[in-house]
Amino acid sequence: MPLLLTRILFLFILLVQHGSCFIGSKHCWNQIATNFVPRRSSSEQYARHVLETRSHLHLLHLQKTDDQSNSLRVTSEKNILSSSKDDSDNKEDSLSFKGEAQEMKSDQNHQTSADAELSVSDYAPILALCWFVALLSALDRVAMSVAIIPLSNEFHLTDTVKGEISSVFSVGYGLGIIPAGLLVSAVSPRLIMACGVLLWSLATFGTPIAANMIHVLQNTGTMTNEELTTTILYVAENTAPLLLIRSVMGAAESVVLPTIQRILSNWIPASKKSLSIATVFSGFQIGTVCAYTLSPGVMEGFGWRGLFYIYGMIGALWLIPWWLLAKDEPNIVTKETNTELAHLVVEQKLIDENGEEAVGVMGSQLTSWQEATSVFKDAPWKALLTSKATWAVTIAHAANNWGLYNNLSWTPTFYAEQYGLNVKESALLSVLPSVAGAISGLLAGYTADKILSNIAKDGDVNTTTLVRKVFQSLALLGPAACLLTLASDIPENPATAQLLLTGAVGLQAFNAAGYSSAPQEKAGDQWSGLLYSITTLPGVVFGSIGVYIAGQILDATGQNWSGVFGLNAVVDVIGCLAFVAMYNSKKEFE
């Protein structure tokens, strides 16, 4: 088995093993973080509830002071009685406290859902910021698909090595997606996004530095037929630094979609979910278009190395508006307010049961470490991993990624190798499919929202499920038909191939109203990012393997692209069948 494929499978096995151990140790968190009151989405009613609770505690404190002399006798009697209680009583007390916390959490969620629906002007700024970060991530990622042509010419890279460079990005992405989803559930999405963009911008800037470490060896061979022929073979060695920097970049970009899912879940009204997702996803398509159209010109002026330096600096500069303008949620309540409310609830419980001297004892134990680790303890792991809908989304996502990653990684190379086009011509032919993808995604999102708002009643799971299945079927069967046509007979005219690839990418974007909308339907705001991460990880691994296999097919068949396109079509059909058979839109993970 080729070395890189072995490494990919080995990393994936380790990830699954460690993930299983982590999930299996869920109950260990009960010894670390008890009586947890999780942070929830804020609202003005939530803030008012803090003030009302504080006032109530103040009155209760005064009452306790007035009755202090009587309370000493009562406390003594309570201590005598409590000494005879067994462990089951303590468990009941703990359950009672947790029950009150859950009741309060339910009240908060009810208050949030009762809030007036935000207008477009309210969430348009955060939507624009998310759109631009999607554009930036695609720009930095797809830049390698254009730069790989002069880079491979300079360092004499084979298609297999080019596949390694493209697929290792996805390996890093896959290793980072689950931690990213968990962090988004516990930490500020705004902060996580800023860290991710900074890291991948540094990795982009460092890509040419790592590429300069590649060593090219020359091997001279002779072959005798009727006359002596000398063949010079080039072998590229020490590609590890470039592979490492690309994997780091992939891991950093893994924060984008889970973070966007969490932010949009906090900001976007339910009636606008599909369109908002499609809008953000159009940023990926526009970023791809920018990479194809701008990169050749940048390379003409600054070389392929300058391309990465410039794109890396753009990412770093983008952090300024994000940090100044982005918010995790509307009408945000500060962390201090959330923590204060948690302390007040604990204090109220202890005043009622144990007297004034116990006030603040448990409150002091409610540390920030417990707040951070509680999300791991409370995550609905079993429900997430055993849900048929989760598996339906996972398989559809994997099928989509197989085709998507191959398209992003190989399309310019296809035009260059199949038709002998230069870098600029190959890149420009790759633009139209991305434009079609951006337009189709927006159209699909708008149409799905219109259908659901006009036909589906509140809580109509069957209609919502049907809409998701129809759009996801179009997103997988449509590209399969285009790719099978392309595989059956590679056109002599590159424009004909471009039209077929445009149809494949354009129809593929319909998944914005398919599996891409599922995390916000299946999970509440806290777990939507985690659900997206869980369903993404297998797809990322699957897609990265697909890119590597494409390189192997091309080297083994003398750059015959029919096998690559035909295999992509088969994977799409399998993904569609799985989604239609298993998906439903009923909310499962609150």
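Further up the page is the structure itself.
Peer 1: Would you explain the overall build of the protein chain in this entry?
Peer 2: Each helix and strand counted, the protein chain has 23 helices and two strands in total. Out of the 590 residues in the protein chain, the part that is buried amounts to 52%. Contacts in the protein chain between residues far apart in sequence, at least 24 positions, make up 86% of those at least 6 positions apart. In the structure as shown, the protein chain presents an accessible area of about 26,500 Å², 62% of it carried by carbon and sulfur atoms.

Peer 1: Help me out: how do you make sense of the pattern of salt bridges in this one?
Peer 2: Between side chains of opposite charge, pairing is possible as soon as their charged atoms come close. Applying the stated criterion to the full structure yields three salt bridges. Across the pair Glu-154 and Arg-305 runs a salt bridge, and its minimum N-O distance is 2.7 Å. Within this pair, whereas Glu-154 is found in helix H6 (residues 120-155), its partner Arg-305 is found in helix H11 (residues 273-325), the two being separated by 151 residues in sequence. For Glu-154, a relative accessible area of 37% gives the class partly exposed. Given the relative accessible area of 24%, Arg-305 is considered partly exposed. Among the salt bridges present, the one from Lys-162 reaches Glu-417, with a minimum N-O distance of 3.3 Å.

Peer 1: Quick question: what am I supposed to make of the environment of Ser-562 here?
Peer 2: Here Ser-562 lies in helix H23 (residues 562-582). The exposure class assigned to Ser-562 is partly exposed, which follows from its relative accessible area of 23%. Sequence separation between Ser-562 and Ala-487 is 75 residues; the distance between their C-alpha atoms is 4.2 Å. In this structure, Ser-562 is in contact with Ala-487 and Ile-490, ignoring residues within four places of it in sequence. Among the polar contacts made by the side chain of Ser-562, one reaches the main-chain carbonyl oxygen of Ala-487 at a distance of 3.0 Å.

Peer 1: Any chance you could explain empty space enclosed by the protein here in plain terms?
Peer 2: Here the structure, examined in full by the defined rule, presents eight cavities of 30 Å³ or more. Taken as a whole, the largest cavity spans an internal volume of roughly 570 Å³. In terms of lining residues, the largest cavity is bounded by 35 residues, among which Leu-257, Phe-281, Phe-284, Leu-404 and Leu-408 are the most central. Breaking the lining of the largest cavity down by element, the ones donating at least two residues are H6, helix H10 (256-267), H11, helix H16 (388-419), helix H18 (431-454), helix H20 (494-508) and helix H22 (528-557). Sorting elements by how many residues they give to the lining of the largest cavity places H16 first, with seven residues. Around the second largest cavity, the lining is made up of 18 residues, and of these Gly-403, Asn-407, Leu-483, Leu-501 and Asn-568 lie nearest the centre. Mapped by element, the contributors of at least two residues to the lining of the second largest cavity are H16, helix H19 (461-488), H20 and H23.

Conventions and cut-offs
Numbers given to residues run from 1 along each chain, matching the order in which its sequence is written. The model is predicted, so local features are restricted to residues of pLDDT at least 70 and side-chain atom pairs to those at 80 or more, both for listing and for counting; the totals for chains, interfaces and linings are taken over all residues. Remark: hydrogens and water are excluded; side-chain values derive from all non-hydrogen atoms of the structure. Strands are runs of DSSP state E lasting at least two residues, helices are runs of H or I lasting at least four, and both sets are numbered from the N terminus onward. Burial classification: accessible surface area is computed with a 1.4 Å probe over protein chains only, and a residue below 20% of its type maximum counts as buried, one above 50% as exposed, and the rest as partly exposed. By definition, residues are in contact when any of their heavy atoms lie within 4.5 Å. Note on areas: Shrake-Rupley with a 1.4 Å probe; residue coverage comes only from the protein chains shown. Each salt bridge in this description consists of a side-chain nitrogen of Lys or Arg and a carboxyl oxygen of Asp or Glu lying within 4 Å of one another. In the analysis that follows, any N or O atom pair within 3.5 Å is treated as a polar contact, provided that within protein one partner can donate a hydrogen and the other can accept it, and provided that, for residues neighboring in sequence, both atoms belong to side chains. A cavity, in this analysis, means grid points on a 1 Å lattice covering only the protein atoms where a 1.4 Å probe fits yet has no way out; a pocket is instead an open set bounded by protein on both sides within 12 Å along at least five of seven lines, and a residue lines either one if it has an atom within 4 Å of a point. Grid points are joined across faces, edges and corners, and a volume is the space filled by probe spheres set on the points.

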